[in-house]
Amino acid sequence: MASTLGANYLNEISPAKQGQMRPRSFILGDVFRGIPLPEVRIQRGIIFASPDGQELKLNTYRPLTKGKYPTLIVIYSGAWRQGTPDKNESFSRYFAAQGYSVIAIDYRHAPQYRFPSQLEDVQTALNYIISHAEELEVDTERLAIMGRSAGAHLAMLAGYQSDNIPFKAIVNYYGPVNLSRSYHNTPFPNPLNTRAVLRDFLGGTPQELSALYEQASPINHIKPKLPPSLLVYAHRDHLVQAKIGRELYDLMKAQNNLAVWLEIPWAEHVFDEVFSGVSNQLILYHTERFLAWTLGR
């Protein structure tokens, strides 16, 4: 973090905000008692669209006091096949307690709906959030988007291609970045059958749908002057290999973009499902500082 954001980057975060964040990257007691989650306002099941008659919903997590807050839009994981905005709710509650409006959004699932349906749903959700910013308590000048795995893939596509939404930050937790490379370079072991997942998502193989695979790969949308990005990968990941994520980081740096690379040597995919675990504590510590630096200044 310091090597990318500057040795004194914490000086740019207010003392009040720093006082809300975790004092250390690992607290042993939290492994056993859990990370404290103060009370926040939660509203679930807000319908933002109904494509093909399928209701798409979002959840909001906000501080107890009404206001206008820096906003984090969250997209869930699930191999583009499953999941709901309720997923990883501890994370959403944690950041709401720190003074963010956290909005977890939905999208249609493969294989019934194939790409780009999922990205279209994300874009529809973003337009809804912007147009309802006042009631959702969203500061449109301080927006970040993040996701996990398949959700991180969609967050990157939305964030790197958006010209009308001024994202201040993009947070990518172990997202696929080069779908053709992932298809041809599968991990071992390969518990989810990566090729089957990608065929469900896109409707065929890279040989059959080369242009669609290129369109759906975030690495092909890297250009200069992108929002600052936090890239988090697990070295032992057997679903989304860290070495492929590293290619995205290298390309972003070559294009003079600000990107922070965090790789956990011992971790596997979805390490953050154990919210009070060692790996998630480490990444939570850095994520909250990255968001405070990008959204709080």
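Scroll up a little and you will see the structure.
All values derive from a computational prediction rather than experimental measurement.

Caption draft 1: How the structure looks around empty space enclosed by the protein. One pass over the full model with this rule turns up 1 cavity of 30 Å³ or more. The space that makes up the largest cavity amounts to roughly 40 Å³. Lining the largest cavity we find Val 74, Ile 75, Tyr 76, Thr 84, Pro 85, Lys 87, Asn 88, Ala 104 and Arg 148. In the lining of the largest cavity, the residues fall into 5 nonpolar, 2 polar and 2 charged.

Caption draft 2: A look at the layout of surface pockets. As a volume, the largest pocket reaches approximately 350 Å³. What lines the largest pocket is a set of 25 residues, among which Ala 79, Ser 149, Leu 192, Leu 239 and Val 240 lie closest to the centre. When residues of the lining of the largest pocket are traced back to their parent elements, those giving at least two are helix H8 (179-184) and helix H9 (194-202). Tallying contributions element by element places H9 first for the lining of the largest pocket, with 3 residues. Residue composition of the lining of the largest pocket, grouped by class: 13 nonpolar, 9 polar and 3 charged.

Cut-off values and rules
- Residues numbered from 1 in each chain as written.
- Predicted model: local features only at pLDDT ≥ 70, side-chain atom pairs only at ≥ 80, totals over all residues.
- Heavy atoms only, no water.
- 1 Å grid on protein atoms, 1.4 Å probe; cavity = no way out; pocket = protein on both sides within 12 Å on 5 of 7 lines; lining within 4 Å.
- Points joined across faces, edges and corners; volume = space filled by probe spheres on them.
- Nonpolar A, V, L, I, M, F, W, Y, C, P; charged D, E, K, R; others polar.
- Helix = DSSP H or I, 4+ residues; strand = E, 2+ residues; numbered from the N terminus.

Geometric descriptors of this kind do not, in isolation, establish any biological role.
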